[in-house]
Amino acid sequence: MARPAALLLLTFGVPAGLLLAGASWRWLGLGALAWAAAVAVKALAGALVAGASRRAVSSARARAAVWGVWSAACELGAAALAFLAFRPRPTLLDVAGCGAGAGALEIAWVVAVAVYHGAAATAAREGPPDEPDDTDWIVRWSGVLERASTLAGHIGSRGLVWLGLQSWALSPALALALATFALVDGVAGYGVDAGWRWSEPRLCRRFQAFLAATALVELGAFAGGAFIASADP
């Protein structure tokens, strides 16, 4: 029960904490809606992007990079449109709420899909294709750790997008957001295509460390950029 409770805490506790701190429901909802719209666009045109990349490049890593950039452009582009189109301008807490809304909805979606596939496998009397190694706690908690890092990454990347839209001096934040987001989705996509066994303890630990480190870079850059922006007269 500990892992489902942790996922519930991430899904509802983080957004609730931001709301109590002063973030608005409006920006939390806009973040979730922007994520849903971006995922729809990404899925609808994704086959075309994947097909074009297969024809244009032969390297699996290059194809993963193309997908990572495409994914980042869809999700961060939707967030940028929200920041530009809706008024009043969001506060820093609203920006964090926008990212938390996206991350919380993604967690809910991932859990729903996992529950559905688990029920389907049970009905067919089939086990999951890749049983976790219960001797390693990182493997056991990998789903929760991945969702925590992704949620933090959503907040940090949206924050960097917002920063980059504030002035030319802060515009490099946009490039950093695109690069880190594309890196995460590109590596994950490459791992899926390459058939990585995610429950192998060494691989799992390295991947989780990579996700956590990237999220920390995004959050740290967002916090540092926000401090610089607030100190600029």
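For the structure itself, consult the block above.
In this text the structure is predicted, and so the values were computed from the model without any measurement.

Peer 1: Before we go on, may I ask you to explain the nonpolar core in this structure?
Peer 2: Among soluble globular proteins, nonpolar side chains are generally buried collectively. The biggest cluster of nonpolar side chains holds 21 residues, and the ones touching the most others in it are W27, F83, L160, V161, W162, L163 and F222. Going through the elements one at a time, α2 (25–56), α3 (60–85), α4 (92–123), α6 (142–164), α7 (172–194) and α8 (201–231) are the ones with two or more residues in this core. When residues in this core are grouped by element, the largest group, 6 residues, is from α3. When residues no more than four places from it in sequence are discounted, the contact partners of F222 are L92, V95, I155, G156, G159, L160, W162 and L163. If you look at the next biggest cluster of nonpolar residues, it comprises 7 residues, including L19, L28, A96 and I155.

Peer 1: It is not clear to me how the packing of α2 against α3 should be interpreted in this structure. Could you clarify?
Peer 2: A packed helix pair is summarised by two numbers, namely the angle formed by the two axes and the spacing between the axes. For the pair α2 and α3, the least separation of the axes is 8 Å and the interaxial angle reads 150°. Considering their axes alone, α2 and α3 lie roughly antiparallel with respect to each other. Remark: the crossing between α2 and α3 carries right-handed chirality. Contacts between α2 and α3 pair W27, A34, W35, A38, V39, V41, K42, A45, G46, V49, S53 and R54 from the former with R63, V66, W67, W70, S71, C74, E75, A78, A79, A82 and F83 from the latter. Class assignment for the residues of the contact of α2 with α3 results in 16 nonpolar, 3 polar and 4 charged.

Peer 1: Sorry, what's going on with the environment of G186 here?
Peer 2: The residue G186 is located in helix α7 in this model. A residue is classified by how much of its surface remains accessible, and G186, at 9% relative accessible area, is buried. Among residues more than four places away in sequence, those in contact with G186 are A64 and G68.

Rules of the game
- Residues numbered from 1 in each chain as written.
- Predicted model: local features only at pLDDT ≥ 70, side-chain atom pairs only at ≥ 80, totals over all residues.
- Heavy atoms only, no water.
- Core = buried A, V, L, I, M, F, W, Y, C linked by side-chain atoms within 4.5 Å.
- Buried < 20%, exposed > 50% of the residue type's maximum accessible area, 1.4 Å probe, protein only.
- Helix = DSSP H or I, 4+ residues; strand = E, 2+ residues; numbered from the N terminus.
- Contact = heavy atoms within 4.5 Å.
- Axes fitted to C-alpha atoms, helices over the stretch in contact; angles between N-to-C directions.
- Parallel < 35°, antiparallel > 145°, perpendicular 65-115°, else oblique.
- Left-handed = near helix turned anticlockwise from the far one by under 90°.
- Nonpolar A, V, L, I, M, F, W, Y, C, P; charged D, E, K, R; others polar.

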